[in-house]
Structure formats: structure tokens, C-alpha cells
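An overview of the molecular structure
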Amino acid sequence: MNMQSGRTTLSKFLIEQLRGRDDGADLGALLVDVAAAVKAIAAMTAKGALGGVLGALDARNVQGETQKKLDVLANDAIIQGCEWGGLVAGMASEELEAPYAIPAEFKRGKFLLVFDPLDGSSNTDVNVSVGTIFSVLRHEPEAAPAEADFLQPGSRQVAAGYAIYGPATMLVLTVGAGTHGFTLDREVGNFILTHPQLAIPEDSSEFAINTSNERFWEPPVQRYVCECKAGRSGERGRDFNMRWIASMVAEVHRILMRGGVFLYPKDTKDPGKPGRLRLLYEANPVALLIEQAGGYASTGRGRILELEPGALHQRVPVMLGSRNEVARLERYHAEHD
Ligand code: AHG
Ligand code: MN
Ligand code: MN
Ligand code: MN
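Looking up the protein chain in an unreviewed UniProt entry gives the name Fructose-1,6-bisphosphatase class 1, with the organism given as Rivibacter subsaxonicus. Checking UniProt for the protein chain, the heading Subunit (unreviewed entry) contains the comment "Homotetramer."

Here it is as C-alpha cells:
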């Protein structure tokens, strides 16, 4: 493919990447609809306080979280942008308890769109990068999907991606042939291929974890982080750097740009929850992006993409990024268990 950065738009890229695939035209059209919704969300976040979109609602979502205005506005933008095109059979969102049924006036398609409309909501009012995460699965039957039809392992995703609303708005996606980054040219309104074929270094010296939860982590995680903090005089023989942005999309983006690991492990702070992050619309899509870029994504005890989901909003422990660091974490869990 003649992917000269700077001249390849998202549409051109998708036409070339999906050429010859049975579902290529429809998948490409769906991803273009998602990109249009992302542009609308980018416009909202860029207005900040001037757009009346900041602050919280007097409402809680199924996660038990207080909803931010942007959580709901972003959710609505994706639903309205993708329900009419005859491409999706149904949708599921962090912000909706049950799957969204396509209204009768619209034709149903062969894809399921599962998404976190706004990732990093705690950052919306402090002007820190937030994002949108999406995952595309297939649904063959003519009948409308039941919740169980969404419960597919991440290895069955046909596409996955995220938008990051930062100083630049970027779209990073995979259709199963590598992970590629696009930057929004605001003047023209096009996503331009700027980061083709992203590749994560196998080794790294940068970790991201919310260390305020240290006393709640399992011993293998405590061991890994303690060794990173010990630096060159310790087991690892080199100094490590730490980051924590509290928007997973921003952490994952940094790792795709320069390597590192991101950990949101299971902790005993809330024994009922096996981790904070949700499998279907956070862990699975970013796991596919990371692995398509040569990294690895694990719960600490197994590959995320092989998990059989048991519930729409199921949570899982997440450890992802540079392959050799995540392999070390799995080794530490195996030695501990
Ligand atoms: P969301 O805003 O979609 O609910 O997700 C927030 C997630 C993730 O983006 C981030 O890494 C993590 O929550 C931050 O958790 P803490 O606030 O516990 O650090
Ligand atoms: Mn999220
Ligand atoms: Mn969210
Ligand atoms: Mn949330």
C-alpha cells in the first residue's frame, strides 16, 4: 500500500486495507461513521467551559459512577451517528445498562458496536486528555442481538480503536492488519494517516499504575512495582520512570508511541471487583491494538483476548504494553500462585 503519511485519509486507508474482504465495504463505512461521531465529540471537548458540556449530572450509570455531561453527550453522539446506517445489529455502551436496540425504522446490519464513549471522565473538568474507545464484533443472525451475542472473546473483534482528545485529536485503529494512527486536520475535517504501522518496543523502563492503591495489590504486582522503584541498585539494574494520567486512552497512546506498561490490577480495595476496567469496551479493544503493535495484554494470569466474557459490564485486571515487561508480570503471578 502506498501509505505516504500526510496524503492518506482515513477513507483511502480503509478502502485499501479492506479491499477484497467480504465485509470490507460495510466495515469501512461503519468506521467512517464512528470517525464522524468522534469528530463531533472532539468539537464538544474542545469548547470546554464555553460549550456548557462540563460538570456532572445528577445521575449514576450502571457502573455506580456519577455521570459527567460529556459521558452522556458522547454516548448520544455515537448512538445517533451509527444507528441509521444499516451497518450495526446493536450497540452496547459503558453508559447503558442494557444493549441498545436499533429502532425499527432502521435496517439492522452485521456488526455489533461496543464502546466507552468517554474514557477518563474524571479528567473532563480539569482539561486533561480524554478519549473514546470502540470495539467491532460480528453478528450474523437476522434477528436482533440478545445480550449474550455481545459476550464474545476479544480475539473475535473485527476492528478496534480509540480517539484521544488531546492537544491534537487522533484516531488509532486496527482492522487486524497492524495498528495505525491518524491525526485530525481540523481545517479540512479529515483524519490523516500520520503514524502507520505502530510498533511497541519489547523492553521499556516506564510503568503506569495508580500507586495510591499499593496496599491493596496482590504480591506479584507489589513485587514488580517495588523492583521498578528500586532502580539501578535493585533487581532490575536500571532506573524506571512512572506516569499516571487517569485516562487509560492516554496511557495506552503513550505506550504505542514509546513503549512502557500500564497496570490496573485486581485489588482488595473492593473485593467484589476483579479490577476497575471493563472487558468488552476497554480491555478488549486496547488489548487488540497493543498486540497488533507487537505488545501483549494480560490479566496477569492469562491473555485478555482469550477471556470468555460472562457479563456485559464485566471487569478484569489489566496489564499491557511492552511484551517482555508483561511476560515478567505473568511470571511473577505464576511463581506466586
Ligand atoms: P471511565 O472514565 O471510562 O470510567 O474510565 C476511567 C478509567 C481509565 O480510563 C483510567 O485508567 C482509570 O479509570 C483511572 O482510575 P483511577 O481514577 O482509579 O485512577
Ligand atoms: Mn473508560
Ligand atoms: Mn467512560
Ligand atoms: Mn466511567
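Remarks on the coordination of the manganese ion (ligand 3)
For the manganese ion (ligand 3), the full set of protein donor atoms is Glu94 (OE), Asp116 (OD) and Leu118 (O), at a range of 2.0 to 2.2 Å. Read from N- to C-terminus, the donor residues coordinating the manganese ion (ligand 3) fall into the pattern E-x21-D-x1-L. Separating the manganese ion (ligand 3) from the manganese ion (ligand 2) is a gap of 3.7 Å, which Asp116 spans by donating to each of them. Pair noted here: Glu94 is in the loop between β3 (88-93) and β4 (100-101) and Asp116 is in strand β5 (residues 111-119), with a separation of 22 residues, a long-range link. The class of Asp116 is buried, set by a relative accessible area of 0%.

Observations regarding the coordination of the manganese ion (ligand 4)
Surrounding the manganese ion (ligand 4) are the protein donor atoms Glu65 (OE) and Glu94 (OE), which sit 2.1 to 2.2 Å from the metal. For the pair the manganese ion (ligand 4) and the manganese ion (ligand 2), the metal-to-metal distance amounts to 5.3 Å. Taken together, the residues Glu65 in the loop between β1 (56-60) and β2 (66-68) and Glu94 in the loop between β3 and β4 connect sequence positions 29 residues apart.

A look at the site of ligand 1
Every one of the 18 residues lining ligand 1 counts as a neighbour, but Asp119, Gly120, Ser121, Met248 and Tyr264 are closest to it. Between ligand 1 and Arg276 there is a distance of 3.0 Å, counted from an oxygen atom to a side-chain nitrogen or oxygen. Here an oxygen atom of ligand 1 sits 3.3 Å away from a polar atom, N or O, in the side chain of Glu282. Burial of ligand 1 by the surrounding chains reaches 90%, relative to a free accessible area of 470 Å². Spatially, ligand 1 is embedded in the largest pocket. At the level of elements, β5, β13 (261-264) and β14 (277-278) are the ones that each hand at least two residues to the shell around ligand 1. No other element matches β5, which puts three residues into the shell around ligand 1. Here the residues of the shell around ligand 1 are counted per class, giving seven nonpolar, four polar and seven charged.

Here we look at the packing of helix α5 (residues 219-230) against helix α8 (residues 323-336)
Here α5 crosses α8 at 135 degrees, and the two axes come no closer than 8 Å. Classified by the interaxial angle, the pair formed by α5 and α8 is oblique. Seen from above, α5 lies across α8 with right-handed handedness. On α8, the residues touching Pro219, Pro220, Val221, Arg223, Tyr224 and Glu227 of α5 are Glu325, Arg328, Leu329, Tyr332, His333, Glu335 and His336. A per-class count over the contact of α5 with α8 returns six nonpolar, two polar and five charged.

Focus: the packing of helix α6 (residues 248-258) against helix α7 (residues 279-292)
Running from N to C, α6 and α7 point in directions that differ by 10 degrees, and their axes come no closer than 11 Å. Classed by the angle they form, the pair α6 and α7 counts as roughly parallel. Contacts between α6 and α7 involve Met248, Val252, Ile255 and Leu256 from the first element and Glu282, Val286, Leu289 and Ile290 from the second. Here the residues of the contact of α6 with α7 are counted per class, giving seven nonpolar, no polar and one charged.

Rules and cut-offs
- Residues numbered from 1 in each chain as written.
- Chains lettered and ligands numbered in written order.
- Predicted model: local features only at pLDDT ≥ 70, side-chain atom pairs only at ≥ 80, totals over all residues.
- Heavy atoms only, no water.
- UniProt positions renumbered as here; feature names shortened; annotations may be inferred.
- Donors = N, O, S within 2.8 Å, 3.2 Å for Na, K, Ca; no water.
- Helix = DSSP H or I, 4+ residues; strand = E, 2+ residues; numbered from the N terminus.
- Buried < 20%, exposed > 50% of the residue type's maximum accessible area, 1.4 Å probe, protein only.
- Near = heavy atom within 4 Å.
- Polar contact = N/O pair within 3.5 Å; in protein donor to acceptor, adjacent residues only side chain to side chain.
- Areas by Shrake-Rupley, 256 points an atom, 1.4 Å probe, with all protein chains shown as cover.
- 1 Å grid on protein atoms, 1.4 Å probe; cavity = no way out; pocket = protein on both sides within 12 Å on 5 of 7 lines; lining within 4 Å.
- Sits in = over half its atoms within 2 Å of the grid points.
- Nonpolar A, V, L, I, M, F, W, Y, C, P; charged D, E, K, R; others polar.
- Axes fitted to C-alpha atoms, helices over the stretch in contact; angles between N-to-C directions.
- Parallel < 35°, antiparallel > 145°, perpendicular 65-115°, else oblique.
- Left-handed = near helix turned anticlockwise from the far one by under 90°.
- Contact = heavy atoms within 4.5 Å.

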